[in-house]
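# Tertiary structure, described
Chain by chain, the residues run as shown.
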Amino acid sequence: MYDKIIPPTTGTKITFKNGEPIVPDNPIIPFIRGDGTGIDIWPATEKVLDAAVAKAYKGQRKISWFRVYAGDEACDLYGTYQYLPQDTLTAIKEYGVAIKGPLTTPVGGGIRSLNVALRQIFDLYACVRPCRYYAGTPSPHKNPEKLDVIVYRENTEDIYLGIEWKQGSEIGDRLIKILNEELIPATPEHGKKQIPLDAGIGIKPISKTGSQRLVRRAIKHALLLPKDKQQVTLVHKGNIMKYTEGAFRDWGYELATQEFRAECVTERESWILSNKEKNPAISAEDNAREVDPGYDSLTPEKKAQILQEVETVLNTIWDTHGNGKWKDKIMVNDRIADSIFQQIQTRPDEYSILATMNLNGDYLSDAAAAIVGGLGMGPGANIGDACAIFEATHGTAPKHAGLDRINPGSVILSGVMMLEFMGWQEAADLVKKGLGQAIANSQVTYDLARLLEPPVAPLKCSEFAEAIIQYFD
Ligand SMILES: NC(=O)C1=CN([C@@H]2O[C@H](COP(=O)(O)OP(=O)(O)OC[C@H]3O[C@@H](n4cnc5c(N)ncnc54)[C@H](OP(=O)(O)O)[C@@H]3O)[C@@H](O)[C@H]2O)C=CC1
Ligand SMILES: O=C(O)CCC(=O)C(=O)O
Ligand SMILES: [Mg+2]
């Protein structure tokens, strides 16, 4: 079955039923060490996770790690350009849950991202990146503890599908010609626009299916959160890209109000309902004025549309959501992408789950991680219906590779997400406790040590792992 790797002789595989993992006490879990700082981070992570499982279950449960290869390591073992060997894909498919360190992607030419390839091959459509603050972590923000968000990033489409053509390539030039001479002139709303003849071209597909399955997972997650965090914000740049980003927003609302009608209220619905609650005699037109302050200067068509919206909301959900009942529902709202970057800094406590398309989520997850201490504190998971691969938000940080200095916190916390996904909450809690206490006692790696006031001597990557384990007792 495998060419160059051998699965552990003990352990059994995790299987999936209805999208949920069924986990034996001794699961075999494939891991990819990763390029660059993966060489430092992975051993630290493995040590912490093993110690937590041993402590929490006293030998009743144990992970059998299965080393599989990708990136530079894979080329060493399998030969030139064998960045993602079939052995690795077979193992991840077979065992269902895997964890990985970061993998290098060159900018410009060369291979496309192995990280993105893994997500697409296994249809890991939800990239889940929680950003929460551990007390004592230095931050450039005054109140980093106010940020507690989970970026829910669509993980398989958008420009990450990688369908693009190089400037000057034969097909790229043909495509520009067809667009300029046929398709754009045939689309009246595009007027006389033309694509520059020396442009590279990329395609940005956003599908209804891809958007809605991501939002569905985000809403299901919101249902499990404490009441005050039951909110899903659809992040988009729909004012500019109407049929991709704008459609993501519309499909998100459609899903929320159709599949989760009993559980959800949209922000605009909540305004309409509360206007009537404050003034039961309010006319539909005055209600519309409250919802859209510029109502009186709108076109008749737009006014009619808003009036219709008000009437529909009151006719269809007043009984189930009115009289304040909407306050117990999941709030679904939307924010334009550029605005959410400032919102998470100026009003962090107003947000919870941020549902995004692929590119926006990539940017936003690094930015949110920075607020709670940096990329060393940014864990993540790539989740599908039959497989999950856990990995940090950050990349290979090559300048720190092999120096035993990088912060392993993000991959360790990705391991925590994996333990939680497996239902091994006791072990997950131990790691969170240990990591929290190490940070609270200023036992931190260089990235956090340099930000503390006064600065402290940094721990090595391996020492940080030891410090975490020491606080399990
Ligand atoms: N999922 C994946 O595997 C990902 C892979 N990549 C790939 O990684 C490579 C390098 O990307 P690059 O743009 O340098 O981004 P990186 O995220 O690798 O690193 C950028 C900077 O972030 C800080 N940082 C990153 N990780 C940590 C950590 N664990 N602890 C503390 N600080 C950290 C460091 O800042 P400082 O030096 O200031 O301390 C580092 O120099 C590229 O090939 C890229 O494509 C990128 C993102 C995700
Ligand atoms: O795959 C890569 O090289 C970068 C991916 C990335 O930045 C991310 O997933 O956050
Ligand atoms: Mg990224």
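What you are looking at is a predicted structure, and each value in this text was computed from that prediction instead of being measured.

Here is what the cut-offs are and how they apply
Residues numbered from 1 in each chain as written. Chains lettered and ligands numbered in written order. Predicted model: local features only at pLDDT ≥ 70, side-chain atom pairs only at ≥ 80, totals over all residues. Heavy atoms only, no water. Helix = DSSP H or I, 4+ residues; strand = E, 2+ residues; numbered from the N terminus. Rg over C-alpha atoms; globule rule 2.2 N^0.38 Å. Buried < 20%, exposed > 50% of the residue type's maximum accessible area, 1.4 Å probe, protein only. Contact = heavy atoms within 4.5 Å. Areas by Shrake-Rupley, 256 points an atom, 1.4 Å probe, with all protein chains shown as cover. Lys, Arg positive; Asp, Glu negative; His and termini not counted. Charge placed at Lys NZ, Arg CZ, Asp CG, Glu CD. Axes fitted to C-alpha atoms, helices over the stretch in contact; angles between N-to-C directions. Parallel < 35°, antiparallel > 145°, perpendicular 65-115°, else oblique. Nonpolar A, V, L, I, M, F, W, Y, C, P; charged D, E, K, R; others polar. Salt bridge = Lys/Arg side-chain N within 4 Å of Asp/Glu carboxyl O. Patch = residues over 30% accessible without salt bridge, like charges linked within 9 Å, V, L, I, M, F, W, Y side chains within 5 Å. Phe/Tyr/Trp six-rings, centres within 6.5 Å; stacked < 30°, edge-to-face > 60°. Lys NZ or Arg CZ within 6 Å of the ring centre and 35° of its normal. UniProt positions renumbered as here; feature names shortened; annotations may be inferred. Pairing = 2+ DSSP bridges. Near = heavy atom within 4 Å. Polar contact = N/O pair within 3.5 Å; in protein donor to acceptor, adjacent residues only side chain to side chain.

Our next topic: the overall build of the protein. Along its length, the protein carries 16 helices and 15 strands. Relative to a compact globule of 473 residues, whose C-alpha radius of gyration would be 23 Å, the protein shows 25 Å and is just as compact. If you line up the protein on its principal axes, its C-alpha atoms span 70 × 60 × 50 Å. Each of the 473 residues in the protein was classed as buried or not, and the buried ones make up 52%. Here the analysis covers contacts within the protein between residues at least 6 apart in sequence; of these, 74% occur between residues at least 24 apart. As displayed, the protein has an accessible area near 21900 Å², and 53% of this comes from carbon and sulfur atoms. Separation of charge centres in the protein, based on 53 positive and 61 negative side chains, amounts to 1 Å.

Moving on: the environment of Gln86. Relative to the assigned elements, Gln86 resides in helix α3 (residues 86-95). Overall, Gln86 belongs to the exposed group, its relative accessible area being 54%.

Let us look at the packing of helix α9 (residues 284-291) against helix α10 (residues 300-321). In the contact formed by α9 and α10, the axes pass within 9 Å of each other and the chain directions differ by 105°. Classified by the angle between their axes, α9 and α10 sit roughly perpendicular to one another. Taking contact as the criterion, the partners of Ala284, Glu285, Asn287 and Ala288 in α9 are, on α10, Ile306, Leu307, Val310, Glu311 and Leu314. A breakdown of the residues in the contact of α9 with α10 according to their chemical character gives six nonpolar, one polar and two charged.

Scanning the entire structure with this criterion turns up 29 salt bridges. Note that Glu73 and Arg67 form a salt bridge whose closest N and O atoms lie 2.2 Å from each other. You can call Glu73 buried: its relative accessible area is 9%. Residues Arg213 and Asp123 are paired through a salt bridge, measuring 2.7 Å at the closest nitrogen-oxygen approach. Highlighted residues: Arg213 in helix α6 (residues 208-224) and Asp123 in the loop between α4 (114-121) and β6 (126-132), separated in sequence by 90 residues. Classification of Arg213 by relative accessible area gives buried; the value is 18%.

Let's shift gears to a nonpolar patch on the surface. Taken together, the side chains of Leu161, Ile163 and Ile203 present a nonpolar region at the surface, about 210 Å² in accessible area. Along the polypeptide, Ile203 turns up in the loop between β9 (201-202) and α6. Taking the relative accessible area as the measure of exposure, Ile203 reaches 36% and is therefore partly exposed.

Moving on: the packing of aromatic side chains. By the definition in use, this model includes ten aromatic pairs. With 5.2 Å between their ring centres and 85° between their planes, Trp42 and Trp65 make a pair best called edge-to-face. One end of the pair, Trp42, is in helix α1 (residues 38-57); the other, Trp65, is in strand β4 (residues 64-68), with 23 residues separating them in the sequence. Of the two residues, Trp42 and Trp65, both sit in the buried class. Joined through ring pairs, the aromatic side chains of Tyr2, Phe66 and Tyr95 make up one cluster. Sitting over the face of the ring of Tyr57, Arg61 holds its NZ or CZ atom 4.7 Å from the ring centroid. The ring of Tyr295 carries Lys303 above its face, with NZ or CZ at 5.8 Å from the centroid.

This brings us to the UniProt feature "domain: Isopropylmalate dehydrogenase-like" (unreviewed entry) in the protein. The residues that UniProt annotates with the feature "domain: Isopropylmalate dehydrogenase-like" (unreviewed entry) are residues 28-468. With 45% helix and 13% strand, residues 28-468 has its two end C-alpha atoms placed 24 Å apart.

Right, let's talk about the environment of Pro8 for a bit. Relative to the helices and strands, Pro8 is located in the segment before β1 (15-17). The exposure class assigned to Pro8 is partly exposed, which follows from its relative accessible area of 22%. Ignoring any residue separated from it by four or fewer positions in sequence, one finds Pro8 in contact with Ile28, Ser64, Trp65 and Phe66.

With that settled, consider the sheet that holds strand β10 (residues 231-236). Pairing within the open sheet is mixed, and its eleven strands lie in the order β4-β3-β5-β15-β14-β6-β7-β13-β10-β12-β11. The open sheet is flanked by β4 and β11 (264-266), the only strands paired with a single partner. On average, each strand axis in the sheet is tilted by 25° relative to the strand beside it, whichever way the strands run. Inspection of the sheet shows strand β3 (residues 28-32) paired to β4 by five bridges, in the parallel sense. Pairing of Ile28 across the sheet is with Ser64, part of β4. Packing of helix α8 (residues 267-278) onto the sheet brings it into contact with β11 and β12 (330-336), and relative to β11 it is tilted by some 85°. In the packing of helix α12 (residues 358-371) onto the sheet, contacts are made with β6, β7 (148-154), β10 and β13 (353-356), and the angle to β7 comes to roughly 155°.

Let us look at the site of ligand 1. Near ligand 1 there are 24 residues, and of these Gly395, Ala397, Lys399, His400 and Tyr446 occur at the shortest range. Here an oxygen atom of ligand 1 sits 2.9 Å away from a polar atom, N or O, in the main chain of Leu103. Between His394 and ligand 1, the recorded distance is 3.2 Å, taken from a side-chain N or O atom to a nitrogen atom. With the chains in place, 72% of the 880 Å² that ligand 1 exposes on its own is no longer accessible. Mapped onto the shell around ligand 1, the elements with two or more residues apiece are α4 and α15 (446-449). Taken together, the residues that form the shell around ligand 1 break down as seven nonpolar, eleven polar and six charged.

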